[in-house]
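Fold and geometry: a report
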Amino acid sequence: MSATVVGVDSSTQSCKVVVVDLESGNVLSSASAPHPDGTSVDPRVWLKALKVAWRDAGVAERNDVVGVSVAGQQHGMVAVDAQGEPVHDALLWNDVRNAPQAARMVTDHGLDWWMEAVNMAPISSMTLAKLAWLRENEPEAAARVHRVMLPHDWLTLHLCGEFVTDRSDASGTGYFNATDNQYRPELLEEYFGAVPELPRVLTAQEAAGSLSSEWGGSGETPAVVGAGAGDNAAAALGLNLEPGEVTISVGTSGTVFACSAEPTLDRSGVTAGFADATGQHLPLLCTINAARVMTTTAETLGADLDEFTRLATSGPSDAGGLTMLPYFDGERTPNLPEATGRLDGLTRASFTRENLARSAVLAVANSLADCLDILRDIHVDVERVLLIGGGAKSDALRSVLPDTLGLAVSVPRSGEYVALGAARQAAWAATGQQPEWPPVIDSELEPTGDAGIGTFRERYGALRRRYEEQLR
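Residues numbered from 1 in each chain as written. Predicted model: local features only at pLDDT ≥ 70, side-chain atom pairs only at ≥ 80, totals over all residues. Heavy atoms only, no water.

Brief notes about unusual backbone geometry
Defined as follows: Helix and strand assignments come from DSSP, with helices taken as H or I runs of at least 4 residues and strands as E runs of at least 2, each series counted from the N terminus.
The omega torsion of the bond from Thr333 to Pro334 falls at 5 degrees, within 30 degrees of zero and hence cis. Position of Pro334 among the secondary structure elements: in the loop between β20 (323-325) and β21 (342-344). At Asn181, a residue that is not glycine, the phi angle is positive and equals roughly 55 degrees. As for its placement among the helices and strands, Asn181 is situated in the loop between β10 (176-177) and β11 (182-183).

Spelled out as structure tokens, the structure:
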């Protein structure tokens, strides 16, 4: 009898559900439902979106589902009262209102101390800093907090009734150390003034519980629900990422992460020492600004995707001297939450639609290249680059990325790798073994030696350094 597993990707923008054949890894059905825009969201709307995508993917009608798992956007603060009701909207990873709290944490203890304590520098994305903001700005709500969890934990709780998390997502909270796999409750006491109930941390292959009847779980052997994972760890699992391989994921955010058997400590605080979803480690850098830089520029130019691509690939290779810093919504790498975007080199000759489009694409590519250089600097092996995410479909970005990185880029077949990673984890929890679902590489992109792209990279680096000095 055939068997299937279900993977869920609850991202910033939408909830995606995939039904996957257990043996082959083929996607049999899928569906998605949108999430509201914004950087703070009532977590109950995520449940509504999951129910829509779950229904549209036909999950409840199947009687062959053996496992389910949820991957979700990291860091988001879901704080609930004793009745399980949210006390405040969930502050998402890209909400920077708590930047002052994060900065004070650095002042209090220093970056080196934080990297030793939790292998993550205090930044506005960190859940702990969001809780500190809640304590200072919404004290009545903070006083009602009984439990704190992350977005994927919230959905897992409603799927099976168990209050659990996994190493990968816990490692982004700022109060968990993935090296010794221990919570740091004293940090919650210091910055939140209390230690709320925290989810039990499961191992990668451990089952959280059984799917409840509300979601179609029934019979003698209802589907198991896996531990879940942070979105980037799930993507790495979906790609079967191995040491020496680096994934660049381009979506709302840009992420650059590698698989490592040992913890990676970046004493500068720039690289987060996350855990992965296999029991290993996932050194990761994240930019707040990625695909939206290109879509916003396209909208400004009144161009659809095809026209934007034509503009970005038809002008001078170095964007005619125009250089963009893509910090439209503040930035995380580098850690400049109050930053704004910059255009440099504006002249009547350089300010063309073609140059503006190309400068936006090259700005995204260079922001990602800076992240890759940081991984190299902390001695992470970089032998192969995999490009995924919605932005990976951009012909304009694909055309400049290999020369910007100075490396060939492998592009796996388009797929929902976060959801596929969740499905793979569900299969692991259900059967006790990781399935063999290797990714299919659709194309290999080689550097061309384009000198103009190198010229832009030099200008970009100089502009970034000047702006960082100005802000600091």
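That shown, we press on.
Description of helix α3 (residues 111-118)
Spelled out, the test is: Exposure classes here rest on a 1.4 Å probe applied to the protein chains alone. A residue is buried below 20% of its type maximum, exposed above 50%, and partly exposed in between. The arc refers to the directions leading from the helix axis to the C-beta atoms. Contact criterion: two residues are considered in contact whenever any of their non-hydrogen atoms come within 4.5 Å of each other.
Those residues of α3 that fall on the buried side of the exposure criterion are Trp114, Met115, Ala117 and Val118. All buried residues of α3 project into a common sector of 165 degrees when viewed along the axis, lining one side. Residues of α3 that are buried sit in contact with α2 (99-109), α4 (127-137), β10 and α8 (185-192). Within two residues after α3, Asn119 carries a phi angle of roughly 55 degrees, on the positive side.

Observations regarding the pattern of salt bridges
Here is the rule: Counted as salt bridges are all cases of a side-chain nitrogen of Lys or Arg within 4 Å of a carboxyl oxygen of Asp or Glu.
Inspection of every chain in the model, using the stated rule, returns 26 salt bridges. Here Arg310 and Glu307 are joined by a salt bridge, their closest N and O atoms 3.0 Å apart. Linking Arg310 with Glu307, this pair stays in helix α11 (residues 305-314), spanning three residues, or about one helical turn. Note that Arg464 and Asp370 form a salt bridge whose closest N and O atoms lie 3.0 Å from each other. Of this pair, Arg464 sits in helix α15 (residues 451-471) while Asp370 sits in helix α12 (residues 353-377), placing them 94 residues apart in sequence. No difference in accessibility class separates Arg464 from Asp370, as the two residues are buried. Each of Asp370, Asp373, Arg376, Arg457, Arg464 and Glu468 takes part in a single network of salt bridges with overlapping partners.

What to know about a nonpolar patch on the surface
This is how the line gets drawn: Patch building starts from residues that exceed 30% relative accessible area and form no salt bridge, then joins like charges within 9 Å and nonpolar side chains (Val, Leu, Ile, Met, Phe, Trp, Tyr) within 5 Å. Computed with the Shrake-Rupley method and a 1.4 Å probe, the accessible areas treat only the protein chains shown as cover for residues.
Side chains of Leu343, Leu346 and Phe351 sit close together on the surface and give an oily, nonpolar patch of about 280 Å² of accessible area. Topologically, Phe351 is positioned in the loop between β21 and α12.

As for the environment of Ile441
Along the polypeptide, Ile441 turns up in strand β24 (residues 441-445). For Ile441, a relative accessible area of 29% corresponds to the partly exposed category. With 30 residues separating them in the primary sequence, Ile441 and Val411 have C-alpha atoms 5.7 Å apart. Once you skip the residues sitting within four places of it in the chain, Ile441 turns out to touch Arg384, Leu386, Ser410, Val411, Pro412 and Arg413.

Section: α11
The following threshold applies: Polar contact criterion, stated in full: a pair of N or O atoms within 3.5 Å, where within protein one must be able to donate a hydrogen and the other to accept it, and residues adjacent in sequence count only if both atoms are side-chain atoms.
Buried within α11 are the following residues: Phe308, Thr309, Leu311 and Ala312. Down the axis of α11, the buried set is contained in an arc of 165 degrees. They therefore lie on one face. For α11, the capping residue at the N-terminal end is Asp304, with a side-chain oxygen 3.3 Å from the backbone nitrogen of Asp306.

Overview of the nonpolar core
Generally speaking, soluble globular proteins have nonpolar side chains that are buried together. As a reminder, the rule being used: Nonpolar cores are built from buried Ala, Val, Leu, Ile, Met, Phe, Trp, Tyr and Cys residues. Side-chain atoms within 4.5 Å join them into one set.
Among the nonpolar cores identified, the biggest contains 101 residues, and Val6, Val17, Leu50, Trp54, Leu128 and Leu134 are the most heavily contacted of them. It is helix α14 (residues 417-431) that contributes the most residues to this core, eight residues altogether. Leu128 has contacts with Met105, Trp114, Thr173, Gly174, Tyr175, Leu187, Leu188 and Tyr191, leaving out every residue within four places of it along the chain. Core analysis: the second largest hydrophobic core is formed by 56 residues, Val256, Ala291, Leu325 and Tyr467 among them.

What about the pairing of strand β2 (residues 14-21)?
For a regular strand, the rule is simple: side chains alternate between the two faces of the sheet. How we decide: Strand pairing is assigned whenever DSSP detects at least two bridges linking the two strands.
Of all eight residues in β2, eight are buried, a share of seventy percent or more. Burial along β2 is two-sided: the residues Ser14, Lys16, Val18 and Val20 and Cys15, Val17, Val19 and Asp21 are all buried. The pairing of strand β1 (residues 4-10) with β2 spans seven bridges and is antiparallel. What sits directly across from Val6, in β2, is Val19. Where β1 folds back onto β2 in an antiparallel hairpin, the turn is made up of three residues. Remark: five residues form the turn of the hairpin made by β2 and strand β3 (residues 27-34), two consecutive strands paired antiparallel; Gly25 in that turn has positive phi of roughly 80 degrees.

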